[in-house]
Amino acid sequence: MQPYVSVVIPVYNEEENLEALFGRLTKVLDVLGRPYEILFTNDGSRDRSGALLREFHRRRPREVRVIDFNGNFGQHMAIMAAFERVRGEVVVTLDADLQNPPEEIPKLLAAIEAGHDVVGGYRKDRQDSFFRRYASKLINAIRARITHITMRDQGCMLRAYRRRIVDLIASNSETSTFIPALAYSYAANPTEVEVEHAARAAGRSKYSLYQLVRLNFDLMTGFSVVPLQLFTLFGIALSALSGLFVVYLVIRRLVIGPEAEGVFTLFAILYFLVAVGILGLGIIGEYIGRIYQEVRRRPRFVIREILEQTDA
Ligand code: UDP
Ligand code: MG
C-alpha cells in the first residue's frame, strides 16, 4: 500500500536515543490512521545504531526502511539518499536525538493539508548551549540578508514537504547542500509553525565547531554570491579612497615637503589590508573548492545496503 507520510531520519551514532525515538514516533504515526513509512539512513555509525535499525525493520518490515551508508557522508546527504527513495505524498524530516519531538508531526501535517507545500518548524524555546543559540542567531541574520530565503530558524530540521518539492530537491546532484534552503527555492506556498524543542536526550552533538562552520559555508556559498560581490564593492571603495589619498600625499609633498613620521600607522593600515586580502582569497577558495568538488563528479554518498520490503 502506498504510504501517505514518509518520515526521514538521519542517524549517526545515536544508539542511546533510537529505542525511545522509535517508540514515540510509531505511537504518533499509528494514531494518524494513514499508512506511513519511516526511512532511517545510517550515516556510517560506529556504535550499535545499525543493529538497532535492523531490529526496527525486523519488527515492522512494512513501515521501516533502512538505508545503510558505507561511511559518514553527513546529515544532508543522509536525508538526500532518503529523499531519492521516499514513497509517501508528504515527507517529514526530523533528528534522531529527540530534540525534535515526534508529537509535533500532526501539526506539520495539518499545515501541509491546509495547502502549504513546505512547512518549516521554528524552535520555540531552543534547548542548546548559549554559544550555539547566539551564534545561530547571528548566522541566521547574515543568511537572511545575503540570500533570498526567508526562514526563521535555519537549524531546525523538523519540517514537512509535499512530495513534489522533495522530488525537485532529490533531482539536484550537488554534493554540499543545505536541504531546508533548497526547499525554499522551490516552494510556491511555504509557511512556518512553532515547534517544541528538547535538549538532546542522550549522547553529544555530532557537529564540532569546525563542522558547523563548514555547514554554514555550504549554506552561504550554495545560495548566494553576495560574499564575492561584497569584495568587489569593498575593492572599488578602497581604490577610490586610495586614489584620493595619493592625490593628497602628492600635494602635501609639494607644499609641506617629505615626511617620515607615522610608520606604525602605516603598518596598521597595511596589516589590515593584507588581512582583508587573505579573507578575500579564502572566500574565493570556498567557492572554487566547491566547484572542484562538483566537477570531479564523485558519488556524493555510497550505500552499502538497503533494508526494505518491496511490495509484490
Ligand atoms: N547526523 C548525521 N550525520 C552526521 C551528523 C549528524 O546523520 O554526520 C544526524 C544525527 O544523528 C542527528 C541529526 O543529524 O539525527 C542532527 O545532528 P545533531 O543532533 O548532532 O546536531 P545538532 O542538534 O547539535 O545541531
Ligand atoms: Mg541535535
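In the block above lies the structure referred to throughout.
Read on for an overview of the structure. (Residues numbered from 1 in each chain as written. Chains lettered and ligands numbered in written order. Predicted model: local features only at pLDDT ≥ 70, side-chain atom pairs only at ≥ 80, totals over all residues. Heavy atoms only, no water.)

Our focus in this paragraph is the packing of helix α9 (residues 226–255) against helix α10 (residues 263–296). The N-to-C vectors of α9 and α10 enclose an angle of 150°; their axes lie 10 Å apart at closest approach. Between α9 and α10, the interaxial angle falls into the category roughly antiparallel. Relative to α10, α9 is oriented so that their crossing is left-handed. Here α9 contributes Pro227, Leu228, Phe231, Phe234 and Leu238 to the contact with α10, which in turn contributes Phe272, Leu273, Val276, Leu279, Gly280, Ile283, Ile284 and Tyr287. (Axes fitted to C-alpha atoms, helices over the stretch in contact; angles between N-to-C directions. Helix = DSSP H or I, 4+ residues; strand = E, 2+ residues; numbered from the N terminus. Parallel < 35°, antiparallel > 145°, perpendicular 65-115°, else oblique. Left-handed = near helix turned anticlockwise from the far one by under 90°. Contact = heavy atoms within 4.5 Å.)

It is worth spelling out the coordination of the magnesium ion (ligand 2) at this point. Of the protein atoms, only Asp97 (OD) and Gln99 (OE1) coordinate the magnesium ion (ligand 2), at distances of 1.9 Å. Exposure class is identical for Asp97 and Gln99. Each is buried. (Donors = N, O, S within 2.8 Å, 3.2 Å for Na, K, Ca; no water. Buried < 20%, exposed > 50% of the residue type's maximum accessible area, 1.4 Å probe, protein only.)

Where helix α5 (residues 130–146) contacts helix α8 (residues 209–223), the axes come no closer than 11 Å and their chain directions differ by 15°. Accordingly, the angle class assigned to the pair α5 and α8 is roughly parallel. In this structure, the crossing between α5 and α8 has a hand that is right-handed. Of the residues in α8, those touching α5 at Phe131, Arg132, Ile139, Ile142, Arg143 and Ile146 are Leu209, Leu212, Asn216, Leu219 and Met220.

Below, the discussion takes up unusual backbone geometry. Here the phi dihedral of Asn13 falls at roughly 50°; this positive angle occurs in a residue that is not glycine. In this structure, Asn13 sits in the loop between β1 (5–11) and α1 (15–30). Unusually for a residue other than glycine, Leu98 sits at a positive phi of about 65°. Tracing the chain through its elements places Leu98 in the loop between β4 (90–93) and α4 (105–113).

Enumeration according to the criterion identifies 10 aromatic pairs in this entry. Relative to Phe73, the ring of Phe69 has its centre 5.5 Å away and its plane inclined at 90°; by these criteria the two rings are edge-to-face. A relative accessible area of 30% means that Phe73 is categorised as partly exposed. An aromatic cluster is present here, built from Phe22, Phe40 and Phe56 joined pairwise through their rings. Taking the ring centre of Tyr134 as reference, the NZ or CZ of Lys137 above it sits at 5.0 Å. A cation over a ring is seen here: Arg152 above Tyr122, with NZ or CZ 3.8 Å from the ring centre. (Phe/Tyr/Trp six-rings, centres within 6.5 Å; stacked < 30°, edge-to-face > 60°. Lys NZ or Arg CZ within 6 Å of the ring centre and 35° of its normal.)

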